[in-house]
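Notes for the structure review
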Amino acid sequence: MSGNQTFTMIKPIAVKNNYIGPILKLINEAGFRIKAMKYTHLNKQQAMQFYAVHADKYFYEELTSFMSSGPIVAAILEKENAVADFRKLIGATNPEKAEEGTIRKLYAESMSHNAIHGSDSDENAIIESDFFFSKTERY
Ligand code: GTP
Ligand code: MG
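Every chain is numbered on its own, with residues counted from 1 as its sequence reads. As they are written, the chains are lettered A onward and the ligands numbered 1 onward, keeping that order. With the structure being a predicted model, the display of local features is reserved for residues of pLDDT at least 70 and the display and counting of side-chain atom pairs for 80 or more, all residues being used for whole-chain, interface and lining totals. Note that the side-chain values use all heavy atoms of the structure and ignore hydrogens as well as water.

Let's talk about the side chain of Ser129
Convention followed: Segments assigned H or I by DSSP are reported as helices when at least four residues long, segments assigned E as strands when at least two residues long, and all are numbered from the N terminus. Contacts: residue pairs with any heavy atoms within 4.5 Å of one another.
Positionally, Ser129 belongs in helix 7 (residues 122–132). Every residue in contact with Ser129, bar those within four places of it in the chain, is listed here: Phe7, Ile76 and Arg138.

Considerations on helix 7
Selection rule: Exposed residues in this analysis have more than 50% of their type's maximum accessible area, buried residues have under 20%, and partly exposed residues fall in between, with area computed by a 1.4 Å probe over protein chains only. What the arc describes is the spread of directions from the helix axis to the C-beta atoms.
Those residues of helix 7 lying buried are Ala125, Glu128, Ser129 and Phe132. Each buried residue of helix 7 lies within a common arc of 105 degrees when the element is viewed along its axis, so the set occupies one face. Exposed and oriented more than 90 degrees from the buried face of helix 7 are Glu123 and Ile126. Residues of helix 7 that are buried make contact with strand 1 (5–10), strand 2 (33–40), helix 3 (44–50), strand 3 (72–78), helix 5 (82–90) and strand 4 (116–118).

Points about the side chain of Asn114
Summarising the element assignment, Asn114 is placed in the loop between helix 6 (103–107) and strand 4. For Asn114, a relative accessible area of 2% puts it in the buried group.

A word on the packing of aromatic side chains
The line we're drawing: Aromatic rings from Phe, Tyr and Trp, taking only the six-membered ring of Trp, are treated as a pair when their centres fall within 6.5 Å; an angle between ring planes under 30 degrees marks them as stacked, one over 60 as edge-to-face, and anything in between as tilted. Charges are assigned to positions over rings by a cutoff of 6 Å between ring centre and Lys NZ or Arg CZ, combined with an angular limit of 35 degrees from the ring normal.
One pass over the full model with this rule turns up 10 aromatic pairs. Taken together, a centroid distance of 5.2 Å and an interplanar angle of 20 degrees make the contact between Phe7 and Phe132 stacked. Placement of the pair is Phe7 in strand 1 and Phe132 in helix 7, with a sequence separation of 125 residues. A relative accessible area of 10% places Phe132 in the buried class. Arranged with centres 5.3 Å apart and planes meeting at 85 degrees, the rings of Phe32 and Phe86 form a pair that is edge-to-face. With Phe32 in the loop between helix 2 (20–29) and strand 2 and Phe86 in helix 5, this residue pair connects regions lying 54 residues apart in the sequence. One exposure class covers both Phe32 and Phe86, and it is buried. Members of the aromatic cluster, joined through ring pairs, are Phe7, Phe50, Tyr51, Phe131, Phe132 and Phe133. Geometry around Phe32 places Lys79 over its ring, the cationic atom sitting 5.6 Å from the centre.

Some thoughts on the pattern of salt bridges
Heads up, the rule is: For this document, the term salt bridge refers to a Lys or Arg side-chain nitrogen within 4 Å of an Asp or Glu carboxyl oxygen.
Counted according to the given criterion, the structure contains 8 salt bridges. We note a salt bridge from Lys35 to Glu78, for which the minimum N-O separation is 3.6 Å. Of the two residues, Lys35 sits in strand 2 while Glu78 sits in strand 3, which places them 43 residues apart along the sequence. Its relative accessible area of 24% is what places Glu78 among the partly exposed residues. Shared partners join several salt bridges into a network, and the residues in it are Asp130, Lys135 and Arg138.

Looking at the nonpolar core
Selection rule: The criterion is simple. A nonpolar core is a set of buried Ala, Val, Leu, Ile, Met, Phe, Trp, Tyr and Cys residues joined through side-chain atoms within 4.5 Å.
Ile10, Ile23, Ile27, Phe32, Phe86, Ile103 and Ile116 are the most contacted members of the largest nonpolar core, which totals 20 residues. Listing elements by their share of this core, those giving two or more residues are helix 1 (12–16), helix 2, strand 3, helix 5 and helix 6.

This is the structure in structure tokens:
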């Protein structure tokens, strides 16, 4: 059985472009409830730690510089089948390949500047949520 929570970040480019409101509206309309939320700013070291799984990739430096370049919105979201349904709502990593109506299709600029993060498994949803939130910050 799949879990009912996932973790997301509205990435620096989407915050900068003033898309927090429209993105949260789509998330709510898709049936997700917000269990925790934080407007924050990762430093380079934190971004490197968050994306450590990509440490050996050619885009790691660009990815972690970008993710620490400005404020983000981090949140824990709840819904049945949360991880898979949220990945569907955000669309493909490359926004050129994202389906119509998905968050990345609507608000991403490029592969690097792709507007939003979504956990890729229940296990990672927990790890990523724990990275930003203590147990008492979840409702
Ligand atoms: P996240 O939700 O941010 O984790 O994206 P994802 O799960 O759709 O993709 P993945 O975890 O594989 O990669 C993390 C991030 O690295 C992506 O969101 C992209 O911004 C970036 N990335 C992934 N693959 C590539 C690539 O081939 N080229 C470049 N330039 N960036 C990439
Ligand atoms: Mg990923």
